[in-house]
Protein chains: 2
Amino acid sequence: MKNYTTLILAGLVIILAAALVGVLTYVRNQPVEVRAVEPLVEIAPMEPDSSVWGVNFPNQYDSFVKTKTNNVDTTYGGSSMFSWLERDPRQVILFAGNPFSKDYNDDRGHANALQDVRETKRLNLNLDDPKRTPGTCYSCKSSDNPGLWERLGMEAYDKMSFVELGKQVTEPIGCANCHEAETMRLIVTNPALEEAFERQGKDWATFTRQEMRTVVCANCHVEYYFKGDGKYLTFPWDNGTKVEEMISYYEEEGFKDWNYPETDTPMLKAQHPEYEFFTAGSTHYNAGVSCADCHMPYVRDGASKYSSHDVHSPLLNPEQACGQCHTDTDYVIKRVNLIQQQVADTKIDTEDAIIDAINAIKTAVTAGNADPALLDEARKLHREAQFMWDFISAENSTGFHNPEYALEVLAKSANLARQAQMLAAQAAGDTSLLATGTYYPAEVNTP
Amino acid sequence: MKNYTTLILAGLVIILAAALVGVLTYVRNQPVEVRAVEPLVEIAPMEPDSSVWGVNFPNQYDSFVKTKTNNVDTTYGGSSMFSWLERDPRQVILFAGNPFSKDYNDDRGHANALQDVRETKRLNLNLDDPKRTPGTCYSCKSSDNPGLWERLGMEAYDKMSFVELGKQVTEPIGCANCHEAETMRLIVTNPALEEAFERQGKDWATFTRQEMRTVVCANCHVEYYFKGDGKYLTFPWDNGTKVEEMISYYEEEGFKDWNYPETDTPMLKAQHPEYEFFTAGSTHYNAGVSCADCHMPYVRDGASKYSSHDVHSPLLNPEQACGQCHTDTDYVIKRVNLIQQQVADTKIDTEDAIIDAINAIKTAVTAGNADPALLDEARKLHREAQFMWDFISAENSTGFHNPEYALEVLAKSANLARQAQMLAAQAAGDTSLLATGTYYPAEVNTP
């Protein structure tokens, strides 16, 4: 009897020990998110310092930090600071009179946003006149913003000068731009986005989490302008978010970003309208895919699975980014390359058409005796054509986010640019204004 | 013992009977194709009468017969004989001087091909002059062709007049156009296709079956022309099958389909270049999808599974056509609708640009004192722009077979058309030739 008891007890001990090891191993292998239900540190509401959030979310934070140094290029874009003006000198002409003609570098990763906005010559061109560069320029560059907007109010924030407001801005884009500290849920933090939705009768708080994985990007990746003397950050979405709808909004507001020199065209500069472009009926958006699905795919580190915060082109990690849905990533990469090539080629044709229009209008204006009404019509088409082209050009996917829409808009843009050129020639009654390929000297006429 | 024996035997009987019923049920449920390995009738090589093939392949034949009456339309196309000239009167202008401006109906199903080619006013316009309409016009309209090409030779076939050759043609498109009777394998039957491949260094006999499920459609669904006085059926693929490559081929051959009246432009009429368009890097082609996968999907009739030969738009049976790969056909249909709308809208803008160019060149020619070299440049761009537009317009998918390519080509076409108009104005030194929207009276200017 005693032997049996010993044996049973020994057996129980072994079973319990094995169970304990099993449970401990299971717990150890849980993803960080699950463990973080009990936070290690308390994160204050709108905490600007992402490293504080990083204590509770080390994987997400470590991947976010990589955006500081992920300066890798793709064929048409990527995350280095290459100069668009050097790569495509047509843009020097297209943006003449606007600071973008002096300095237009491709954007780097999120963690560089603050440094890069402070160093761009575009703003420094204005620093002798602090009033010309408003604090509004910080709106998309810092995780200090949610707190500043709360404390100062958006109106006061936008009215401050860039230099003055800059004293209170120390952090680049970070956790607080998209997350609510108390719950980690995705939220709209930019008042301009909330107000744009409101004017459309939409309440973002009712959106699904999957929808929010796109909408939080619209805190910044949108077309916007600085409204009125207060430079109030405003999204031009009241008529809709398609490119013609934004043009009609700007028309109604009588807004222009700058006057094109010598043609005197009231121009519009497109910003980075990824949200509007992607949501305009793209196949991925319509299929329920979010920005984060491709740009922040789920990755593994040991037993942890988390959404990578090293945001960059999916072309750099297609197995993780595209491979979540597409089994053949080689096929996907070839497809993206072909689409981007088609859009890039069509973009250049469109630029040539706009430059021909610009030169024709210039000559007509210089002639002095051109019909003013026809000239104004030419300017109107120049303005529209260039904004349409810029809507595609400034958008960060070389058309891939919505290929058909990109090519449809570029086709319209080139057609309007040619009509602008024709109107200028009509205004001046001078067919010599119809020269094409005017960007390059006639004897060369190729890049 | 005796009882046991009885029991065992009775058991065996039941087991054997059940097995027999099972095997018989299995055999009964085999697809027709499998049973047809032992053909019911012998089919002669190149048998023109599809109903003979139908004895062995009743499901395929029954579905083929439906192409006689499957006259259902989609939003932008379909299988009824609606008039393109009525639906889009711009085409009356675009094809002025060509029989297509008199009669241009959409194509019906395969089984109507012979009747429809005999009844089109395009050919009847020429019947007073039998030499003008060559036998070559039957090349894509009859399953008599493989036999006729074998007996007469392609050269003699093409040299006969339409009326003369017509006496030997009694069958519409049918089995013999794509199948080898002895083996049922898919084959190239049109000598023009075989020769085009040969000139490209390709041997279709080495193609996979899946590739042939696209290539057999290229027996007819291609761009072609009638070469030389013998009206020899020829595919313009020697430089490649992209639209610019075919234009450069026609340039080298000095070929034109007709002269545009008053502008004197040497024009090209695009036929139905589905094969070239689909294979130019489309996402479905690159993913290994064949024409037959969508237009002849596998369907069931009782226990039989076969490839439907009721060829028509997949928009009419999306569950069968798209549902083989796509789980959400509602999504697919919306996607197709959006793409076709984008292409159709861009097509109309392009047509307006070409018509403006035509009217400008006409005026310049009529003026009489226009610069001949500039005028010739204008004609060259008019020719190219219209062929590019027609390549997309005559293609039977409103761009869906290759959406990005459609929009890229239309963007180029409109840009070239505007440049043609500008050259005409330069040639005449007259800016009044730069009017836009000339298709409609200025006070209306919308359809």
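Since the model is a prediction, treat every value here as computed from it, not as a measurement.

The next thing to look at is the overall build of chain A. Along the backbone of chain A there are 21 helices and six strands. Dimensions of chain A along its principal axes, counting C-alpha atoms only, are 120 × 50 × 40 Å. For chain A, contacts bridging at least 24 residues in sequence account for 68% of all contacts bridging at least 6. With an accessible surface of roughly 20,200 Å², chain A has 56% of that area assigned to carbon and sulfur atoms.

Here we come to unusual backbone geometry. All names here are of chain A. Within the chain, Glu262 stands out as a residue other than glycine whose phi angle is a positive 75°. The topology assignment puts Glu262 in the loop between strand S3 (258-259) and strand S4 (266-267). Look at Glu262 and you get exposed, because its relative accessible area is 52%. Although it is not a glycine, Thr398 sits at a positive phi angle of roughly 45°. Secondary-structure assignment places Thr398 in the loop between helix H20 (372-393) and helix H21 (403-428). Classification of Thr398 by relative accessible area gives buried; the value is 13%.

Right, let's talk about the pattern of salt bridges for a bit. Close approach of charged atoms allows side chains of opposite charge to pair. Residues and elements named next belong to chain B. Enumeration according to the criterion identifies 30 salt bridges over all chains in this entry. Between Asp352 and Arg90 there is a salt bridge whose closest N-O contact spans 2.8 Å. Residue Asp352 is found in helix H19 (residues 329-367), and its partner Arg90 is found in helix H6 (residues 90-94); the two are separated by 262 residues along the sequence. Relative accessible area serves as the criterion here: at 4%, Arg90 is assigned to the buried category.

With that settled, consider the environment of A:Met81. Residue and element names in this part refer to chain A. Looking at the element boundaries, Met81 is found in the loop between helix H4 (58-65) and helix H5 (84-87). The class of Met81 is partly exposed, set by a relative accessible area of 35%. Once the C-alpha coordinates of Met81 and Met296 are considered, the two residues, 215 residues apart in sequence, prove to be 21 Å apart. Residues contacting Met81, with those up to four places away along its chain left out, are Asn105, Asp106, Arg108 and Asp116.

On to the confidence of the model for chain A. All names here are of chain A. For chain A, the average pLDDT comes to 93, and 94% of its residues sit at 70 or higher. Ignoring residues within four places in sequence, the model shows residues 442-447, a span with pLDDT below 50, making five contacts including any to other chains. Both scores are given for the predicted complex: the pTM is 0.90, the ipTM 0.88.

In this section: the relation of the copies chain A and chain B. Mapping chain A onto chain B leaves a residual RMSD of 0.3 Å; the transformation is a rotation of 180° accompanied by 0.2 Å of translation along its axis. Considering both components of the superposition, the chain copies are consistent with a two-fold axis. When C-alpha positions in chain A are compared against the rotation axis, the closest is assigned to A:Ala411, at 2.1 Å. A share of 100% of interface residues in chain A that are also interface residues in chain B marks the association as one of identical surfaces.

Judged by side-chain polarity, A:Tyr4, A:Ile8, A:Leu9, A:Leu12 and A:Leu16 come together as a nonpolar surface patch covering roughly 570 Å² of accessible area. Among the secondary structure elements, A:Leu16 is positioned in helix H1 (residues 2-28).

Counting residues at the interface gives 34 residues for chain A and 34 residues for chain B. Both faces combined, the contact of chain A with chain B buries some 2,900 Å², and carbon together with sulfur accounts for 57% of it. For the chain A face of the interface with chain B, the top three residues by lost area are A:Glu404, A:Met422 and A:Thr431, together amounting to 21%. Where chain A touches chain B, the interface holds two salt bridges. With a closest N to O distance of 3.0 Å, B:Glu404 and A:Arg335 form a salt bridge.

In this section: empty space enclosed by the protein. Counting across every chain of the model gives three cavities of 30 Å³ or more. A volume near 50 Å³ is recorded for the largest cavity. Looking at the largest cavity, the residues that line it are A:Glu408, A:Ala411, A:Lys412, A:Asn415, B:Thr346, B:Asp349, B:Thr350, B:Leu410 and B:Ala414. Looking at the lining of the largest cavity, the elements that each hand over two or more residues are H21 of chain A together with H19 and helix H21 (403-428) of chain B. Among the elements that take part in the lining of the largest cavity, H21(A) stands out by supplying four residues, more than any other. Its residues assigned to classes, the lining of the largest cavity comprises three nonpolar, three polar and three charged. Space inside the second largest cavity adds up to approximately 40 Å³. Contributing to the lining of the second largest cavity are A:Thr346, A:Asp349, A:Thr350, A:Leu410, A:Ala411, A:Ala414, B:Ala411, B:Lys412 and B:Asn415. Of all elements in the fold, only helix H19 (329-367) and H21 of chain A together with H21 of chain B reach the threshold of two or more residues within the lining of the second largest cavity.

Looking now at the nonpolar core. With 186 residues, the main nonpolar core has A:Phe235, A:Trp237, B:Phe235 and B:Trp237 as its most contacted residues. Ignoring any residue separated from it by four or fewer positions in sequence, one finds B:Trp237 in contact with B:Leu193, B:Ala196, B:Phe197, B:Gln200, B:Val222, B:Glu223, B:Met246, B:Tyr275 and B:Glu276.

All names here are of chain A. Structurally, Leu410 is set in helix H21. Separated by 62 residues in the primary sequence, Leu410 and Ile348 place their C-alpha atoms 9.8 Å from one another. Contact partners of Leu410, with chain neighbours within four places excluded, come to Val343, Thr346, Lys347, Thr350, Trp389 and Ile392.

Moving on, we come to the packing of aromatic side chains. Counted by the stated rule, this structure contains 48 aromatic pairs over all chains. Here the aromatic rings of B:Phe100 and B:Tyr104 are separated by 4.8 Å at their centres, their planes lie at 80°, and the arrangement is edge-to-face. Residue classification places B:Phe100 among the buried residues on the basis of a relative accessible area of 16%. A relative accessible area of 10% places B:Tyr104 in the buried class. Judged by centre distance (4.1 Å) and plane angle (5°), the rings of B:Tyr138 and B:Phe162 are stacked. Of the two residues, B:Tyr138 is situated in the loop between helix H8 (121-124) and helix H9 (145-152) and B:Phe162 in helix H11 (residues 162-166); the sequence distance between them amounts to 24 residues. Both residues of the pair, B:Tyr138 and B:Phe162, count as buried. Through a chain of ring-to-ring contacts, the aromatic side chains of A:Phe95, A:Phe100, A:Tyr104, A:Trp258 and A:Trp389 assemble into a single cluster. Over the face of the ring belonging to A:Trp84 we find A:Arg87, whose NZ or CZ atom lies 5.7 Å from the ring centre. The cationic tip of B:Lys305 hangs over the ring face of B:Tyr298; the distance from NZ or CZ to the ring centre is 4.8 Å.

Count 3.6 residues to each turn of an α-helix, and residues three or four apart come out pointing the same way. Residues and elements named next belong to chain A. Taken together, the buried positions of helix H14 (residues 243-253) are occupied by Val243, Met246, Ile247, Tyr249 and Tyr250. One side of H14 carries all its buried residues, which in axial view fall inside an arc of 155°. Lining the buried residues of H14 we find strand S1 (225-227), strand S2 (232-234), helix H15 (274-279), H20 and H21.

Take the pairing of strand S5 (residues 298-301) of chain A next. Residues and elements named next belong to chain A. Both S5 and strand S6 (residues 304-307) contribute to a ladder of four bridges, which runs antiparallel. Of the residues in S6, the one forming a bridge with Val299 is Tyr306. Between S5 and S6, which pair antiparallel in sequence order, lie two residues; one of them, Gly302, sits at a positive phi of approximately 60°.

A few words now on the state of the cysteines. Taken as a whole and judged by the stated rule, the model has zero disulfides over all chains. Free cysteine B:Cys322: the closest other cysteine sulfur is in B:Cys294, separated by 6.6 Å.

Relative to the 57 Å expected for 39 residues at 1.5 Å per residue, H19(B) spans 57 Å between its end C-alpha atoms, a close match to the ideal helical length. Looking one or two residues past H19(B), B:Gly368 carries a phi angle of roughly 90°, positive in sign.

Residues and elements named next belong to chain A. Relative to each other, H20 and H21 sit at 160°, their axes nearing to 8 Å. As far as their axial angle goes, H21 and H20 are roughly antiparallel. By crossing handedness, the relation of H20 to H21 is classed as left-handed. Tallied by class, residues from the contact of H20 with H21 come to 19 nonpolar, four polar and three charged.

Basis of the calculations
Residues numbered from 1 in each chain as written. Chains lettered and ligands numbered in written order. Predicted model: local features only at pLDDT ≥ 70, side-chain atom pairs only at ≥ 80, totals over all residues. Heavy atoms only, no water. Helix = DSSP H or I, 4+ residues; strand = E, 2+ residues; numbered from the N terminus. Contact = heavy atoms within 4.5 Å. Areas by Shrake-Rupley, 256 points an atom, 1.4 Å probe, with all protein chains shown as cover. Buried < 20%, exposed > 50% of the residue type's maximum accessible area, 1.4 Å probe, protein only. Salt bridge = Lys/Arg side-chain N within 4 Å of Asp/Glu carboxyl O. pLDDT = per-residue confidence, 0-100. Least-squares fit on C-alpha atoms with pLDDT ≥ 70 in both. Patch = residues over 30% accessible without salt bridge, like charges linked within 9 Å, V, L, I, M, F, W, Y side chains within 5 Å. Buried area = accessible area lost by both parts, 1.4 Å probe. 1 Å grid on protein atoms, 1.4 Å probe; cavity = no way out; pocket = protein on both sides within 12 Å on 5 of 7 lines; lining within 4 Å. Points joined across faces, edges and corners; volume = space filled by probe spheres on them. Nonpolar A, V, L, I, M, F, W, Y, C, P; charged D, E, K, R; others polar. Core = buried A, V, L, I, M, F, W, Y, C linked by side-chain atoms within 4.5 Å. Phe/Tyr/Trp six-rings, centres within 6.5 Å; stacked < 30°, edge-to-face > 60°. Lys NZ or Arg CZ within 6 Å of the ring centre and 35° of its normal. Arc of directions from axis to C-beta. Pairing = 2+ DSSP bridges. Disulfide = S-S within 2.5 Å. Expected span 1.5 Å × (residues − 1). Axes fitted to C-alpha atoms, helices over the stretch in contact; angles between N-to-C directions. Parallel < 35°, antiparallel > 145°, perpendicular 65-115°, else oblique. Left-handed = near helix turned anticlockwise from the far one by under 90°.

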